[in-house]
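# Reading the structure
Listed here are the chains, written in short residue letters.
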Amino acid sequence: MTATIQRGARSAHVYDRLRELIIRGRLAPGARVVEQEVAERMGMGRTPVREALQLLVQEGWLIGSEGGRRQLTVAPLRDDDVAELFPLLGDLEFAALRNLDRLSDEERARLVADARAANRLFGETVAQVPIDAEGAFTSHKAFHATLTRPLAGPRLGWLLGMVRPQVERYEWFYGTLLQGSLDVATDEHEVIVRAVESGDADAAAEAVRTNWVNASRRLRGVIHRVGERGAW
């Protein structure tokens, strides 16, 4: 039993590390991922590495080639993925904001203050020239997490945890190319915060969904301009 838990912990470590490398582009779209090489670099046996790779394939981070000798590569960055993922995340956050009525007035006021502070930091960060990619990525992630954390139940929270990182990969890779237009996102965030402040769950939910639909359009515009990555 203990050995199984330890192996599971090692597999989770490999999964987390590889997923983060993919999100940040350090494992580029189309790059080969070889089980033996991963095991050697991480100083682990091949079994936990294999388990981690299988999970990454299941979740769409890696794709396998057809044929007898299967090769794994990092999934490409594709326009149609953005068209699916961003509105999907918007729908999940929509569901979370619909739970606004569950908060007391004091809890809602605290949420408003925290979200407004997070959005202020995001706005200040994206106004910098050149843009601070790490700061923009982190502050944008913090704004949306601040909004949904107190409102999403365990199942919705799990779904958000599955979809958000997929979206973050696109934000990290293409986000800096949106410099000069991200102030629009800050304004959209403020619309969400004002709806939360007024206690209007429907308006807040619709505003967050609109924000992600608009984000999809903005980012797809960049992809159409500079191209997909790792696609064939």
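The structure under discussion appears in the preceding block.
Remember, it's a predicted structure, so these values are computed and weren't measured experimentally.

About the criteria used
- Residues numbered from 1 in each chain as written.
- Predicted model: local features only at pLDDT ≥ 70, side-chain atom pairs only at ≥ 80, totals over all residues.
- Heavy atoms only, no water.
- Helix = DSSP H or I, 4+ residues; strand = E, 2+ residues; numbered from the N terminus.
- Phe/Tyr/Trp six-rings, centres within 6.5 Å; stacked < 30°, edge-to-face > 60°.
- Buried < 20%, exposed > 50% of the residue type's maximum accessible area, 1.4 Å probe, protein only.
- Lys NZ or Arg CZ within 6 Å of the ring centre and 35° of its normal.
- Contact = heavy atoms within 4.5 Å.

What follows covers unusual backbone geometry. Backbone geometry follows two general trends: most residues other than glycine have a negative phi, and most peptide bonds adopt the trans configuration. Look at the link from V129 to P130: it is a cis peptide, with omega at 0 degrees. Relative to the helices and strands, P130 is located in the loop between α5 (105-126) and α6 (133-148).

To describe a pair of aromatic rings, you give the distance between the ring centres and the angle between the ring planes. Counted by the stated rule, this structure contains three aromatic pairs. On the numbers, 5.7 Å between centres and 75 degrees between planes, the contact of F86 with W212 is edge-to-face. Highlighted residues: F86 in helix α4 (residues 79-97) and W212 in helix α9 (residues 201-226), separated in sequence by 126 residues. Note on F137 and W172: the rings are 5.1 Å apart at their centroids and 85 degrees apart in plane angle, and the pair reads as edge-to-face. Here F137 is found in helix α6, whereas its partner W172 is found in helix α7 (residues 154-174), with 35 residues between them in sequence. Here F137 falls in the buried class, since its relative accessible area comes to 9%. Geometry around W172 places R24 over its ring, the cationic atom sitting 4.4 Å from the centre. A cation over a ring is seen here: R209 above F94, with NZ or CZ 3.9 Å from the ring centre.

Now for the side chain of R218. Within the secondary structure, R218 is located in helix α9. Exposure remark for R218: the relative accessible area of 19% places this residue in the buried category. The residues touching R218, leaving out its near neighbours within four places in the chain, are L178, S181, V184, A185, E188 and N211.

So, about the environment of V126. Relative to the elements of secondary structure, V126 occurs in helix α5. A relative accessible area of 9% means that V126 is categorised as buried. Those residues in contact with V126, other than ones at most four positions away along the chain, are I131, A136, L182 and T186.

Interpretation note: all reported values are geometric properties and have no functional meaning in isolation.
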